[in-house]
Amino acid sequence: MKLAEVLDELDMSRAAFYRMRARGKAPKCIKLPNGHLRFRRSDFDAWLDSHEEPTH
């Protein structure tokens, strides 16, 4: 997935995402030689699942 797709799914700005990434709280990503970020769908989905609030 491209960063724009991740930002769209999270409804998050690029700046907010990079702040989250700097704190080590963002989903696992791959940094390409050109500096662009890519995300595996499986890693992104696992990250989302890990942030799901428990049901009571």
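Each remark here, short or long, concerns the structure printed above.
Here the structure is a predicted model, which means the values were calculated and not measured.

(A) Examining the nonpolar core more closely. Residues Leu3, Val6, Leu7, Phe17, Met20, Ala26, Leu37, Phe39, Phe44 and Trp47 constitute the largest nonpolar core, which totals ten residues. Mapped by element, the contributors of at least two residues to this core are helix H1 (3-10), helix H2 (14-22) and helix H3 (41-50). For this core, the element with the most residues is H1, which contributes three residues. With residues near it in sequence (within four places) discarded, Met20 still touches Met12, Lys25, Ala26, Pro27 and Trp47.

(B) Structural detail: the packing of H1 against H3. Where H1 contacts H3, the axes come no closer than 12 Å and their chain directions differ by 25 degrees. Our classification of the angle between H1 and H3 gives roughly parallel. Read as a crossing pair, H1 and H3 show a hand that is right-handed. On H3, the residues that touch Val6, Glu9 and Leu10 of H1 are Arg41, Phe44, Trp47 and Leu48. The residue inventory of the contact of H1 with H3, partitioned by class, reads five nonpolar, no polar and two charged.

(C) Up close: the packing of aromatic side chains. This structure, assessed with the given rule, holds three aromatic pairs. Ring geometry for Phe17 against Phe39: centres 5.8 Å apart, planes inclined by 80 degrees, an arrangement best described as edge-to-face. Residue Phe17 is found in helix H2, and its partner Phe39 is found in the loop between strand S2 (37-38) and H3; the two are separated by 22 residues along the sequence. This pair shows no difference in class: Phe17 is buried, exactly as Phe39 is. Judged by centre distance (6.2 Å) and plane angle (25 degrees), the ring pair of Phe44 and Trp47 falls under stacked. Of this pair, Phe44 and Trp47 both sit in helix H3, three residues apart, which is roughly one turn of that helix. Each member of the pair, Phe44 as well as Trp47, carries the same accessibility label: buried. Put simply, the rings of Phe17, Tyr18 and Phe39 pair up and form one aromatic cluster.

Definitions and limits used
- Residues numbered from 1 in each chain as written.
- Predicted model: local features only at pLDDT ≥ 70, side-chain atom pairs only at ≥ 80, totals over all residues.
- Heavy atoms only, no water.
- Core = buried A, V, L, I, M, F, W, Y, C linked by side-chain atoms within 4.5 Å.
- Buried < 20%, exposed > 50% of the residue type's maximum accessible area, 1.4 Å probe, protein only.
- Helix = DSSP H or I, 4+ residues; strand = E, 2+ residues; numbered from the N terminus.
- Contact = heavy atoms within 4.5 Å.
- Axes fitted to C-alpha atoms, helices over the stretch in contact; angles between N-to-C directions.
- Parallel < 35°, antiparallel > 145°, perpendicular 65-115°, else oblique.
- Left-handed = near helix turned anticlockwise from the far one by under 90°.
- Nonpolar A, V, L, I, M, F, W, Y, C, P; charged D, E, K, R; others polar.
- Phe/Tyr/Trp six-rings, centres within 6.5 Å; stacked < 30°, edge-to-face > 60°.

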